[in-house]
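Descriptive analysis of the structure
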Amino acid sequence: MLLPLFFLLLLLNLHLSSSSSISFPDFQIIDVLQPLTVTGTLPDFNNTHFADESKYTLRLLHRDRFPSVSYRNHHHRLHARLRRDTDRVAAILRRISGKTVPSGSKYEVDDFGSDVVSGMDQGSGEYFVRIGVGSPPRDQYMVIDSGSDMVWVQCQPCKLCYKQSDPVFDPAKSGSYTGVSCGTVIRNVAMGCGHRNRGMFVGAAGLLGIGGGSMSFVGQLTGQTGGAFGYCLVSRGTDSTGSLVFGREALPVGASIALPDDVFDLTETGDGGVVMDTGTAVTRLPTAAYAAFRDGFKAQTANLPRASGVSIFDTCYDLSGFVSVRVPTVSFYFTEGPVLTLPARNFLMPVDDSGTYCFAFAASPTGLSIIGNIQQEGIQVSFDGANGFVGFGPNVC
């Protein structure tokens, strides 16, 4: 889900870490025989979502955990994910290319965060949380989307509703429900009621927007959380859950990167910069950067048998005869900041049930880079919107 550009534009260099001065190993071992399946069952979420007054925690799970989501095999699951991924990237690029600025001007934060959008046409629906809605609270699964500033659920009477896991929320049974005018000051978290809905939400009741706007969930909680939040995306093919945490305690100690002002600069056509997006699966890099990165990786994996490309992946390997393989370490080097080294499964991923693995990056059609959720899995990522920091913590989910 698209994280607001006003604190997520980074100057980023990608390298294969091979220098002895770096504390990370030059190579990692990836387990080729690791199971690829998930249970397709929902965890037992209790109603205790908030740990204390300074930190609000929600459990996070991937859409594949819903029983209504089923695939014939891993190949089918992957291609469904890549179709959603393609829709998401196209939506991001449309959102940027659709903006026009006067000659001599440049893009500003509001060019990316001011629109109120539902997210339903942007490939939304990868990660879910469960929250209580109304009084008394009725638990509902919600899609989290940092590309949206809206918080809404489907409501009765529903003239056009998609299927969801829980009963559709009935405002008439909520003591806290009231209509809100356009000029009313919101004192608690406000949510919208959708009576005609469609989208890619699997079994979710609605959408929990965590974008940079004042009406997003993050924006409405700024007084309590200081505009800070973090997440850890659960790794593919596991039965565990990730986390979505709001509050200053979500920020890891000693792991933040200050963003200089000039990192916000974009060209008049919207090229340049880097977006971290939990809604995009595969990291996209400008063509020249991707080609150099890919070729460097290929040079250090020349001993592995190659396979034909799959979908958007052009660098694949036939690892069907292996139990485990050694692959080069991949790290993100942030300007004047620490190194973020990826687990091997975050950049070399299985694409079928026959042992085919692919380098999980792709070329971007523009100068914009997008760091996708495959590369973010199992890493604690934190954001401090008030102070313009992004951090990577040692905690994994």
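Please refer to the structure higher up on the page.
So, here's what we can say about the structure. Everything numeric in this text was worked out from a predicted model, so none of it was measured.

Each helix and strand in the protein was counted, giving six helices and 25 strands. Of all 397 residues assigned to the protein, the portion counted as buried reaches 52%. Taking all contacts inside the protein whose residues are at least 6 apart in sequence as the whole, residues at least 24 apart take part in 77%.

Going through the model one piece at a time under the given rule, you end up with eight salt bridges. Between Asp-295 and Arg-294 there is a salt bridge, and its shortest N-O distance comes to 3.1 Å. By relative accessible area, Arg-294 is classed as buried at 18%. One network of salt bridges, in which partners are shared, links Arg-130, Asp-139 and Asp-166.

Turning our attention to the packing of aromatic side chains. Two descriptors summarise a pair of aromatic rings, namely the distance from one centre to the other and the angle between the planes of the rings. Taken as a whole, this structure holds eight aromatic pairs when the rule is applied. Measuring from ring centre to ring centre gives 5.1 Å for Phe-217 and Phe-246, while their planes differ by 70°; the resulting arrangement is edge-to-face. Here Phe-217, found in helix α3 (residues 217-220), pairs with Phe-246, found in strand β11 (residues 242-246); they are 29 residues apart in sequence, far enough to count as distant. Judged on exposure class, the residue Phe-217 and its partner Phe-246 are both buried. The interplanar angle of 70° and the centroid separation of 6.4 Å between the aromatic rings of Phe-297 and Tyr-317 together place this pair among those described as edge-to-face. You can see Phe-297 sitting in helix α5 (residues 287-299) and its partner Tyr-317 sitting in strand β16 (residues 316-318), a full 20 residues away along the chain. Across the pair, exposure class does not vary: Phe-297 and Tyr-317 are buried alike. Within the aromatic cluster, the residues linked to one another by ring pairs are Phe-293, Phe-297, Tyr-317, Phe-347, Phe-359 and Phe-361. Directly above the ring of Tyr-141 sits Arg-130, whose terminal nitrogen or CZ lies 4.3 Å from the centroid. Residue placement shows Arg-326 over the ring face of Phe-27; its charged tip is 4.0 Å from the ring centre.

Turning to the side chain of Thr-283, a few remarks are in order. Locating Thr-283 in the fold gives a position in strand β14 (residues 283-286). A polar atom in the side chain of Thr-283 sits 2.6 Å from the side chain of Gln-375. The contacts of Thr-283, once residues within four sequence positions are left out, are Ala-360, Phe-361, Ala-362, Ile-370, Ile-371, Gly-372 and Gln-375.

Turning to the state of the cysteines, a few remarks are in order. Summed over all chains, the structure comprises three disulfides. In this model, Cys-155 is linked to Cys-193 through a disulfide, with the two sulfur atoms separated by 2.0 Å. An S-S torsion of about -75° defines the bridge between Cys-155 and Cys-193 as left-handed. You can see Cys-155 sitting in the loop between β7 (151-154) and β8 (192-194) and its partner Cys-193 sitting in strand β8, a full 38 residues away along the chain. Look at Cys-193 and you get partly exposed, because its relative accessible area is 27%. What pairs with Cys-158 in a disulfide is Cys-161, and their sulfur atoms sit 1.2 Å apart. Because the sign of the S-S torsion sets the handedness, a value of about 70° for the bond joining Cys-158 and Cys-161 places this disulfide among the right-handed ones.

Before going further, it helps to spend a moment on the sheet that holds β16. The strands making up a sheet associate through hydrogen bonds between their backbones, and the pairing can be parallel or antiparallel. Pairing within the open sheet is antiparallel, and its four strands lie in the order β15-β16-β21-β20. Looking at which strands have only one partner, the edges of the open sheet turn out to be β15 (306-307) and β20 (348-350). Of the strand pairs in this sheet, β20 and strand β21 (residues 356-359) are connected by three bridges, and their pairing is antiparallel. Residue pairing in the sheet places Pro-350 in a bridge with Tyr-357 of β21. Its contacts with the sheet put α5 on β15, β16, β20 and β21, and the angle it makes with β21 is roughly 135°.

By the secondary structure assignment, Pro-286 is in strand β14. A residue is classified by how much of its surface remains accessible, and Pro-286, at 23% relative accessible area, is partly exposed. For the pair Pro-286 and Gly-367, spaced 81 residues apart in sequence, the C-alpha to C-alpha distance is 5.1 Å. Excluding residues within four positions of it along the chain, Pro-286 makes contact with Ser-364, Thr-366, Gly-367 and Ser-369.

Here the focus is empty space enclosed by the protein. Scanning all chains against the criterion turns up two cavities of 30 Å³ or more. Put simply, the second largest cavity is a space of about 50 Å³. For the lining of the second largest cavity, a count of residues per class yields eight nonpolar, two polar and no charged.

Procedures and definitions
- Residues numbered from 1 in each chain as written.
- Predicted model: local features only at pLDDT ≥ 70, side-chain atom pairs only at ≥ 80, totals over all residues.
- Heavy atoms only, no water.
- Helix = DSSP H or I, 4+ residues; strand = E, 2+ residues; numbered from the N terminus.
- Buried < 20%, exposed > 50% of the residue type's maximum accessible area, 1.4 Å probe, protein only.
- Contact = heavy atoms within 4.5 Å.
- Salt bridge = Lys/Arg side-chain N within 4 Å of Asp/Glu carboxyl O.
- Phe/Tyr/Trp six-rings, centres within 6.5 Å; stacked < 30°, edge-to-face > 60°.
- Lys NZ or Arg CZ within 6 Å of the ring centre and 35° of its normal.
- Polar contact = N/O pair within 3.5 Å; in protein donor to acceptor, adjacent residues only side chain to side chain.
- Disulfide = S-S within 2.5 Å.
- Pairing = 2+ DSSP bridges.
- Axes fitted to C-alpha atoms, helices over the stretch in contact; angles between N-to-C directions.
- 1 Å grid on protein atoms, 1.4 Å probe; cavity = no way out; pocket = protein on both sides within 12 Å on 5 of 7 lines; lining within 4 Å.
- Points joined across faces, edges and corners; volume = space filled by probe spheres on them.
- Nonpolar A, V, L, I, M, F, W, Y, C, P; charged D, E, K, R; others polar.

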